[in-house]
Each structure stands twice: as structure tokens, then as C-alpha cells.
Amino acid sequence: MFLTNFVFAFLIQQPTELPEHIFRQIDPGRDVVRVDGKNLALLNPIHVAGNVQAIEWSGHNQLHAIEIELGDKVSQTTLHLFNPVTPKDTPIKLKPNETLQQISGIGVGRCYFSTRLSGTDGKESYQFSFVRGAKITQLFSGPVFAGFAEFGGELLLQQQYGGPILWLRDGTVVKEFRFEDERRRAVTSDESGLLMLIFESSPETGRGVRSYSFDPKSGEFSKAERPYGAPQRLLSLSASSMPIQIPGIKESSRAALLMGDQKSEFPQALIAADCLQAMGSPDKKSIAYITQGHAFVRPVMEITDEQLEDLLEKKEAQRLMSQVKQVGTGWAIYGSDNDDILPGSGEKTNEMIMPYLKNEKLLQGFAYTYGGGDSSKVADPAKTVLGYVQGKYGRAVVYLDTHARWESFKKKP
């Protein structure tokens with residue numbers, strides 16, 4: 001079982017000019033979504049690991065990826081601690097046939113986790129460990145493990161039902177608590193961030209439940225009666241997620257989408273196709289996902305309206321420049337078949353050029369402006385306009401020598 005406790009915040013404002021390597025990554029038609037009036041752009045994915053069964057973010061924006069390699073008799077589990085900012089991956093190999101049960105991150109390169117080890121004799125044992133960097137410190141090992149809960153680096157550990165409750169900080173026991181009058185059921189945290197120790201005094205499941213909340217500042221418990229018939233385990237109510245949707249496309253493929261304002265020009269962005277799982281980081285700067293058994297992270301950055309306009313113009317320029325170059329090449333072939341004689345702009349040029357293009361869409365919006373005559377006698381073909389296509393942000397102009405140039409409508413400084 002993995003802990004989930006996401007607290008999201010908007011990204012800080014990015015500089016006006018995007019670095020060129022970032023600028024080239026973003027396709028507004030696929031990678032940009034508008035969320036609550038802000039433009040979020042998905043950058044290129046970063047590969048974390050293969051054979052991944054599950055992923056989970058910690059509260060400190062570190063990704064936990066669980067890699068399991070299955071063999072005939074032995075399985076190998078590796079815990080990846082991935083930092084998307086660096087990006088740096090710290091793989092931690094567990095013992096053969098040892099599986100993760102619960103994990104919680106308390107900082108970059110620091111986390112607690114419990115594991116279950118299946119022995120060759122069929123017996124199972126449980127271990128609880130603390131990781132700092134790549135070093136693992138085993139805190140306890142035994143036949144039973146009840147559970148633990150963590151908030152803000154403070155942790156309560158319950159080794160076994162009926163045993164003591166340990167308060168730990170950075171892998172060290174700060175204090176030990178004993179409650180002899182109740183049967184221990186669970187330890188977890190609630191929406192306020194306090195650690196909760198839950199008891200059930202009645203033999204009937206879900207009846208007679210009471211709890212103690214633990215305040216790490218004072219190091220004390222405060223008793224609180226729960227309503228009759230309360231659940232055995234408290235769940236965090238503060239969990240939330242980025243607006244991610246994974247709709248089915250076909251039976252063998254699902255796409256993960258980052259959802260935004262549905263009435264905007266950019267209501268959604270494609271995270272990945274054929275996606276098993278996707279979730280956003282607590283700081284809303286990364287999205288982790290699993291596809292084809294591999295874990296990836298896509299960084300997310302906020303871009304200004306001006307930066308988005310630059311991206312949209314770039315995309316329009318690429319499309320229209322490609323269009324006019326093809327039309328220009330068509331007219332060059334037409335000229336070679338007609339003694340270099342090209343028609344004037346007043347003639348039925350679309351009908352004349354169509355056999356050389358064989359694609360009517362290439363002529364959509366194209367304005368033929370050449371005056372006509374023998375093109376071989378033009379003094380400077382590179383400066384003689386053949387025609388253009390005008391868009392929202394500028395126009396693509398093609399010249400008699402078939403080269404093209406983009407003319408932006410933006411005012412130059």
C-alpha cells in the first residue's frame with residue numbers, strides 16, 4: 001500500500017524568453033493546456049526505469065518507482081528514488097523475493113519503507129528500514145508488522161499489535177509509548193496532518209473505535225472518542241491530484257491527458273498514449289506515468305501568454321512555409337515544361353498548376369502575385385515574389401527561385 005498526500009501549488013512565473021532547447025520541445029497543439037487561466041506546457045519525457053509496477057510521489061516531490069523483475073523462482077524488487085529536478089535516480093535493490101508493503105518519503109533521498117520477505121520454508125517476515133541517500137538502515141525485523149504513519153518528517157511506528165508505539169525522527173527513536181488497555185488496529189494521519197493512533201476495544205469490526213491524535217511539537221497524545229461504528233482506519237482527506245484523465249481509446253491502449261479549462265482554446269494536453277498510471281507531483285512541476293512497463297517523468301512549466309503566442313506563431317510558420325515551398329516547386333516544374341513562361345496573376349493559375357501539385361489543399365489561401373512572362377530573364381529571382389499565404393501571426397512568402405521566407409506581423413523593437 002502506498003501513501004498519497006498531494007498538496008498542489010501553482011508554478012512560479014517563468015522568464016519571458018524560453019531557452020531554445022525548451023522552445024523546440026513544445027507543440028502547442030499537443031503539449032499545452034490552460035488551467036485556471038495559466039498556460040502549462042509539458043516538456044520532453046525523462047525515462048526512470050523499466051519493469052515498473054507502481055509509482056508514487058512523496059510530499060517532497062521525489063518519485064518512488066517500484067521495479068520488479070520476475071524470474072522462475074526468484075523475484076528482484078528495486079526501489080527507485082527519482083528526483084526530477086536534478087534529474088537523479090537512486091536505485092535500491094531489495095533482497096530476492098522481498099516485496100515493498102508501504103513507503104513514505106520525508107525528503108529528497110530520505111524515506112521509510114516496510115517490506116515482506118518470503119522465505120524458502122514458506123514463512124514470511126517483515127522488515128522496516130530507513131533510507132538516507134543510498135544507505136539503508138534496518139530499524140527492525142520480525143514476524144509481524146502493524147504499520148506506520150508519517151507527516152512532515154515525524155513518524156509513528158507500530159511494530160505489532162499490542163506492542164509499543166515508537167516515535168521516530170530521521171531513523172532514530174525519540175520516544176516510546178505504551179497503551180495497555182486497548183487493542184491496536186492502525187496508525188495513520190488525518191487531514192490536519194496529525195498522526196493518529198486508532199484503537200478498537202470491541203471484538204466486532206468497526207465498533208467501539210476510539211483514537212488518539214499525536215502532536216509532534218509537544219510529543220503528546222490527546223484522546224478523542226470516535227462515533228459509534230467508525231471505520232477501523234482513518235484515511236487522509238487532504239489528498240488531491242492534478243486534473244489528469246486516462247480515457248480508453250481502444251482495448252489495448254489508453255491515453256493520459258492533462259485536463260484544463262474546457263472552454264479555452266487549449267482544453268487538454270497529451271501526457272502519453274497507452275498509459276497505465278499517471279499522477280502529478282505535489283509541487284505541480286512534474287507528471288509521472290507508466291507506459292509499456294516503463295516509468296517516465298514529464299516536467300511541467302508555466303509559460304506566459306507572450307511565450308505561447310511565440311510558440312503558436314512558430315507552428316503556423318512551419319505549416320505555411322512548407323505549403324508555399326511545395327507550391328513554388330510546382331510552379332518551377334510548370335515553368336520547365338513551358339519554356340520558363342509563367343502566367344500572370346490575373347489568369348486562372350489554380351487550374352494551370354493543379355496537375356503539378358495534385359493536392360488542392362496546397363492552394364488554400366495561396367495568393368499568386370507574379371506578373372507573368374519569361375522567368376529565366378528575371379534579373380534577381382531570389383527577390384521576386386511568386387506568391388504568399390497569410391496566417392494569423394504573419395505570412396509565408398515564396399520567391400521565384402522557390403525559397404520561402406516568414407514575415408511576422410509582430411512589431412519589431
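What follows is about the overall build of the protein. Looking only at helices and strands, the protein features 4 helices and 33 strands. Evaluated residue by residue, the protein yields a buried proportion of 46% over its 413 residues. At a minimum sequence separation of 6, the contacts of the protein that also span at least 24 residues come to 46%. About 21000 Å² of surface is accessible on the protein, with carbon and sulfur atoms providing 50% of the total.

In the structure shown here, the tally under the stated rule is 11 aromatic pairs. Through pairs of rings, three or more aromatic residues link up here, namely Tyr-112, Phe-128, Phe-130, Phe-140, Phe-145 and Phe-148.

The strand order β4-β5-β6-β7 describes an open sheet built from 4 strands, whose pairing is antiparallel. In this open sheet, the two edge strands, each paired with only one partner strand, are β4 (52-57) and β7 (88-93). Across the sheet, the axes of successive neighbouring strands diverge by a mean angle of 20°, strand direction being ignored. Here β4 pairs with strand β5 (residues 63-70) via 5 bridges, running antiparallel. Directly across from Glu-56, in β5, lies its bridge partner His-64.

This model, assessed by the stated rule, comprises 15 salt bridges. Residue Arg-132 is joined to Asp-170 by a salt bridge in which the shortest nitrogen-to-oxygen separation is 3.8 Å. Of the two residues, Arg-132 is situated in strand β10 (residues 124-132) and Asp-170 in the loop between β14 (165-169) and β15 (172-177); the sequence distance between them amounts to 38 residues. With its nearest N and O atoms 2.8 Å apart, the salt bridge here joins Glu-407 to Arg-405. What emerges from the salt-bridge pattern is a single network uniting Arg-110, Arg-132 and Asp-170.

This part takes up the sheet that holds β15. The strands making up a sheet are joined through hydrogen bonds of the backbone, oriented either antiparallel or parallel. Ordered by their spatial adjacency, 4 strands build an open sheet running β12-β13-β14-β15, and the pairing between neighbours is antiparallel. Two strands in the sheet have a free side with no partner beyond their single neighbour: β12 (147-151) and β15. Direction aside, neighbouring strands of the sheet carry axes that sit 20° apart on average. For β12 and strand β13 (residues 154-158), the ladder comprises 5 bridges, and the chain directions are antiparallel. Residue Phe-151 lies in a different strand from β13, and its bridge partner there is Glu-154.

On to the layout of surface pockets. Reported here for the second largest pocket is a volume of approximately 230 Å³. If you go around the second largest pocket, you meet 15 residues; those closest to its centre are Pro-84, Val-85, Lys-285, Ser-286 and Pro-299. Top contributing element to the lining of the second largest pocket by residue count: strand β27 (residues 294-303), with 3 residues.

The subject of this paragraph is the packing of helix α3 (residues 305-337) against helix α4 (residues 349-357). With their axes 9 Å apart at the nearest point, α3 and α4 run at an angle of 95° to one another. By the criterion of interaxial angle, the relationship of α3 to α4 is roughly perpendicular. Note on element contacts: α4 touches α3 through Thr-349, Met-352, Ile-353, Tyr-356 and Leu-357, opposite Gln-326, Val-327, Gly-330, Trp-331, Ile-333, Tyr-334 and Asp-337. Broken down by class, the residue content of the contact of α3 with α4 amounts to 8 nonpolar, 3 polar and 1 charged.

The next thing to look at is α4. Turning to α4, its buried residues number three or more, namely Thr-349, Ile-353 and Leu-357. One side of α4 carries all its buried residues, which in axial view fall inside an arc of 50°. Structural note: α4 exposes Glu-351 and Pro-355 on the side pointing more than 90 degrees away from its buried face. Residues of α4 that are buried in the fold lie against α3 and β29 (366-368).

This paragraph deals with the pairing of β14. Counting buried positions along β14 gives 4 out of 5 residues, so the element sits mostly inside the fold. Note that β14 and β15 share 5 bridges and pair antiparallel. Counted as the bridge partner of Arg-169 is Thr-172 from β15. Where β14 hands over to β15, the hairpin turn is made up of 2 residues, of which Asp-170 adopts a positive phi near 50°.

Parameters and conventions
Residues numbered from 1 in each chain as written. Predicted model: local features only at pLDDT ≥ 70, side-chain atom pairs only at ≥ 80, totals over all residues. Heavy atoms only, no water. Helix = DSSP H or I, 4+ residues; strand = E, 2+ residues; numbered from the N terminus. Buried < 20%, exposed > 50% of the residue type's maximum accessible area, 1.4 Å probe, protein only. Contact = heavy atoms within 4.5 Å. Areas by Shrake-Rupley, 256 points an atom, 1.4 Å probe, with all protein chains shown as cover. Phe/Tyr/Trp six-rings, centres within 6.5 Å; stacked < 30°, edge-to-face > 60°. Pairing = 2+ DSSP bridges. Axes fitted to C-alpha atoms, helices over the stretch in contact; angles between N-to-C directions. Salt bridge = Lys/Arg side-chain N within 4 Å of Asp/Glu carboxyl O. 1 Å grid on protein atoms, 1.4 Å probe; cavity = no way out; pocket = protein on both sides within 12 Å on 5 of 7 lines; lining within 4 Å. Points joined across faces, edges and corners; volume = space filled by probe spheres on them. Parallel < 35°, antiparallel > 145°, perpendicular 65-115°, else oblique. Nonpolar A, V, L, I, M, F, W, Y, C, P; charged D, E, K, R; others polar. Arc of directions from axis to C-beta.

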